[in-house]
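Overview (structure and organization)
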Amino acid sequence: MTQVRFLQKIMVISSANSIAAVNSSDTRMAGCLLTGIPGLEHLHTWLSIPFCTMYIAALAGNGILICVILSQPSLHEPMYIFLLMLASADVLLSTSAMPKALANFWLGSRHISFDGCLTQMFFIHFLFVADSAVLLAMAFDRYVAICCPLRYATVLTSKVIGKIATATLTRSFSIMFPTIFLLKRLHYCRTNIIVHTFCEHMGIARLSCSDISINVWYGLAAALLSTGLDISLISVSYVHILRAVFHLPSQDARSKALGTCGSHVCVILLFYIPALFSVFAYRFGGRRIPRYVHILLANLYVVIPPMLNPIIYGVRTKQILEGAKQMFSNLAKESK
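Residues numbered from 1 in each chain as written. Predicted model: local features only at pLDDT ≥ 70, side-chain atom pairs only at ≥ 80, totals over all residues. Heavy atoms only, no water.

- Going by an unreviewed UniProt entry, the protein chain carries the name Olfactory receptor and comes from Galeopterus variegatus.
- What the UniProt record of the protein chain gives under Sequence similarities (unreviewed entry) is the line "Belongs to the G-protein coupled receptor 1 family." (UniProt positions renumbered as here; feature names shortened; annotations may be inferred.)

Below you can see the structure in the form of structure tokens.
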């Protein structure tokens, strides 16, 4: 009898372990389900209209901007090269998130594989950090142009621009690549439902039944040391720029410079505020902030700045407009 009971205990323990093993891999095997915007499911079709419109506008505006800068030799200057980098990052950022969100809104396509979710998460965060670095580079470009105009050509050489581009990509990759391993190490035995329209670091981590403290603090540290540092340096740059602007002798020059700086600052705020809200809300805001507010703002930071940047940095720049006219004129001549 004793031996029989002993064998029964072993069988129960082994079966429990096998069930736990299956449960721990359920999320990985089954993939993830993106709910969309909770509480607003009945409005998904209507919400898709402005999001789709903004996404198409972002693709069209940034696509034209990229073609104009590449096709016009007169625009191969530091300011426009940084603008080219920003437009490229914006196209990729919005494309990493919007197609899946629109498929969810229109077709109810909620499923995404676990590896696909990790890939989407990596590219959204990677491109956001890269976008932030490009905005910092553009602020530095304007600082040198306004505060040290005589040194502009010697400071921002093609070699320096190449190093800035390399540093931007290297920093973004170095910051975001560890998050893949931080998520891979976790055991997943809870629900596979992510309350969002796209995959984020903490959204995936909360599917786990493991301790995610490292994920929480690494994500927070990465946001503060990358984006937080960028915001601080951009602020310092614009403080110096505004000081220089107020010392301009001409009232018209001051008004024009303040208008340009003001529009740039508005776009920068629209980029950073929803993103930082998303970072802190996921970690500390939890139940006090309605989920639909959090998710709507998270979607806005991947589509509104990419839509507005071509207008603020492109349409309002005389050289870009002239370059666009020249490009379309050449295309019209070639078509004849």
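Right, picking up where we left off after that structure.
A word on the overall build of the protein chain
- Helix and strand counts for the protein chain come out as 13 helices and three strands.
- Looking at the 336 residues of the protein chain, the share that counts as buried comes to 45%.
- The long-range share in the protein chain, meaning contacts at least 24 apart out of those at least 6 apart in sequence, stands at 78%.
- Element-wise, carbon and sulfur atoms account for 70% of the exposed surface of the protein chain, whose accessible area totals about 17,300 Å². (Helix = DSSP H or I, 4+ residues; strand = E, 2+ residues; numbered from the N terminus. Buried < 20%, exposed > 50% of the residue type's maximum accessible area, 1.4 Å probe, protein only. Contact = heavy atoms within 4.5 Å. Areas by Shrake-Rupley, 256 points an atom, 1.4 Å probe, with all protein chains shown as cover.)

Points about the UniProt feature "transmembrane region" (unreviewed entry) in the protein chain
- UniProt annotation of "transmembrane region" (unreviewed entry) refers to residues 46–68, 80–98, 118–140, 160–183, 216–236, 257–280 and 292–315 when read in the numbering used here.
- Split by type, residues 46–68 is 100% helix and 0% strand. Its first and last C-alpha atoms lie 34 Å apart.
- With 100% helix and 0% strand, residues 160–183 has its two end C-alpha atoms placed 36 Å apart.

A word on the packing of aromatic side chains
- In the structure shown here, the tally under the stated rule is 11 aromatic pairs.
- The interplanar angle of 65 degrees and the centroid separation of 5.0 Å between the aromatic rings of Phe114 and Tyr188 together place this pair among those described as edge-to-face. Remark: Tyr188 occurs in the loop between helix 7 (158–184) and strand 3 (193–194) and Phe114 occurs in helix 5 (residues 114–147); sequence separation between them is 74 residues.
- What makes Phe114 buried here is its relative accessible area of 3%.
- Judged by relative accessible area, which is 0%, Tyr188 ranks as buried.
- Both rings, one in Phe271 and one in Tyr272, keep their centres 5.2 Å apart while their planes meet at 75 degrees; by these two values the pair is edge-to-face.
- Joined through ring pairs, the aromatic side chains of Phe122, Phe123, Phe126, Phe173, Phe177 and Phe181 make up one cluster. (Phe/Tyr/Trp six-rings, centres within 6.5 Å; stacked < 30°, edge-to-face > 60°.)

Overview of the sheet that holds strand 2 (residues 111–112)
- In spatial order, the strands read 2-1-3; together these three strands make up an open sheet with mixed pairing. Since the sheet does not close on itself, it has two edges, and those belong to strand 2 and strand 3, each with one partner.
- As paired elements, strand 1 (residues 32–34) and strand 2 share two bridges and run antiparallel to each other. Within strand 2, the residue paired with Cys32 across the bridge is Ile112. (Pairing = 2+ DSSP bridges.)

What about the side chain of Gln72?
- For Gln72, the location among the structural elements is in the loop between helix 3 (44–71) and helix 4 (78–107).
- Given the relative accessible area of 9%, Gln72 is considered buried.
- Polar contacts involving the side chain of Gln72 include one to the side chain of Ser71, which spans 3.4 Å.
- With near-sequence residues (within four places) excluded, Gln72 lies in contact with Gly323, Gln326, Met327 and Asn330. (Polar contact = N/O pair within 3.5 Å; in protein donor to acceptor, adjacent residues only side chain to side chain.)

Overview of the nonpolar core
- Membership of the largest hydrophobic core comes to 70 residues, with the highest contact counts inside it found for Phe51, Ile69, Leu83, Leu135, Ile234 and Tyr313.
- Apart from the residues lying within four places of it in its own chain, the contact partners of Ile69 are Leu75, His76, Tyr80, Leu83, Leu84 and Ile320.
- In terms of nonpolar packing, the next biggest core, distinct from the first, is built from 18 residues, Leu118, Met121, Ile194 and Ile212 among them. (Core = buried A, V, L, I, M, F, W, Y, C linked by side-chain atoms within 4.5 Å.)

Some details on the packing of helix 3 against helix 4
- Taken N-terminus to C-terminus, the directions of helix 3 and helix 4 make an angle of 155 degrees; their axes are 9 Å apart at the nearest point. By the angle between their axes, helix 3 is roughly antiparallel relative to helix 4. As helix 3 runs across helix 4, the sense of the crossing is left-handed.
- Broken down by class, the residue content of the contact of helix 3 with helix 4 amounts to 18 nonpolar, seven polar and one charged. (Axes fitted to C-alpha atoms, helices over the stretch in contact; angles between N-to-C directions. Parallel < 35°, antiparallel > 145°, perpendicular 65-115°, else oblique. Left-handed = near helix turned anticlockwise from the far one by under 90°. Nonpolar A, V, L, I, M, F, W, Y, C, P; charged D, E, K, R; others polar.)

Side note on a nonpolar patch on the surface
- A cluster of nonpolar residues, Leu43, Trp46 and Ile49, forms a patch on the protein surface that exposes about 330 Å² of accessible area.
- With respect to the secondary-structure elements, Leu43 resides in the loop between strand 1 and helix 3.
- In this structure Leu43 comes out as partly exposed when scored by relative accessible area, which is 31%. (Patch = residues over 30% accessible without salt bridge, like charges linked within 9 Å, V, L, I, M, F, W, Y side chains within 5 Å. Salt bridge = Lys/Arg side-chain N within 4 Å of Asp/Glu carboxyl O.)

Side note on the packing of helix 5 against helix 7
- Here helix 5 crosses helix 7 at 150 degrees, and the two axes come no closer than 9 Å. Here helix 5 is positioned roughly antiparallel relative to helix 7, judged by the angle of their axes. Here helix 5 runs over helix 7; the crossing is right-handed.
- Split into classes, the residues belonging to the contact of helix 5 with helix 7 amount to 17 nonpolar, four polar and three charged.

Description of the confidence of the model for the protein chain
- Predicted confidence across the protein chain gives a mean pLDDT of 82, with 88% of residues reaching 70 or more.
- For the protein chain, helix 1 (residues 2–24) is the element with the lowest average pLDDT, namely 40, and helix 7 is the one with the highest, namely 93.
- Of the regions scoring below 50 in pLDDT, residues 1–25 engages in six contacts with residues more than four places distant in sequence or in other chains. (pLDDT = per-residue confidence, 0-100.)

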